[in-house]
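Residue-level structural notes
Here is what each chain is made of, one letter per residue.
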Amino acid sequence: MSNPKPVQTKEFKEQQFKVYAEELTEPLSKKVTGVKLPQSIHDALHALPQEERVKYLRGIISEAVRRDLIES
């Protein structure tokens, strides 16, 4: 039976979803963008610690979109 009145403390919410955004100049989107990748790429990315992986992916995706789609 599920808990009918769950309590989520501030501490729980902070550790649930860590935001690696100290380098950003604008707010993050409310929606997540996800793509499936070839297994070898997935394995290489997931060899990185989570914080490094998030910053790396956010950086290269942002750079490519600005270069190819926004500033073109």
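Before reading on, note that the structure itself is shown above.
My aim in this report is to walk through the structure given alongside it, one point at a time. Just so it is clear, the model here is predicted, and its values are computed rather than measured. (Residues numbered from 1 in each chain as written. Predicted model: local features only at pLDDT ≥ 70, side-chain atom pairs only at ≥ 80, totals over all residues. Heavy atoms only, no water.)

Attention shifts here to the pattern of salt bridges. Following the criterion strictly, the structure yields four salt bridges and no others. Salt-bridge contacts for Glu51 lead to Lys55; the nearest nitrogen and oxygen are separated by 3.1 Å. Of this pair, Glu51 and Lys55 are both found in helix α3 (residues 50-70), four residues apart, which corresponds to roughly one turn of the helix. On the accessibility criterion, Glu51 (36% relative accessible area) is partly exposed. Judged by its relative accessible area of 27%, Lys55 is partly exposed. Among the ionic pairs, Arg67 bridges to Asp68, the shortest N-O distance being 2.9 Å. Arg67 sits in the partly exposed class, given a relative accessible area of 47%. Shared partners join several salt bridges into a network, and the residues in it are Glu63, Arg67 and Asp68. (Salt bridge = Lys/Arg side-chain N within 4 Å of Asp/Glu carboxyl O. Helix = DSSP H or I, 4+ residues; strand = E, 2+ residues; numbered from the N terminus. Buried < 20%, exposed > 50% of the residue type's maximum accessible area, 1.4 Å probe, protein only.)

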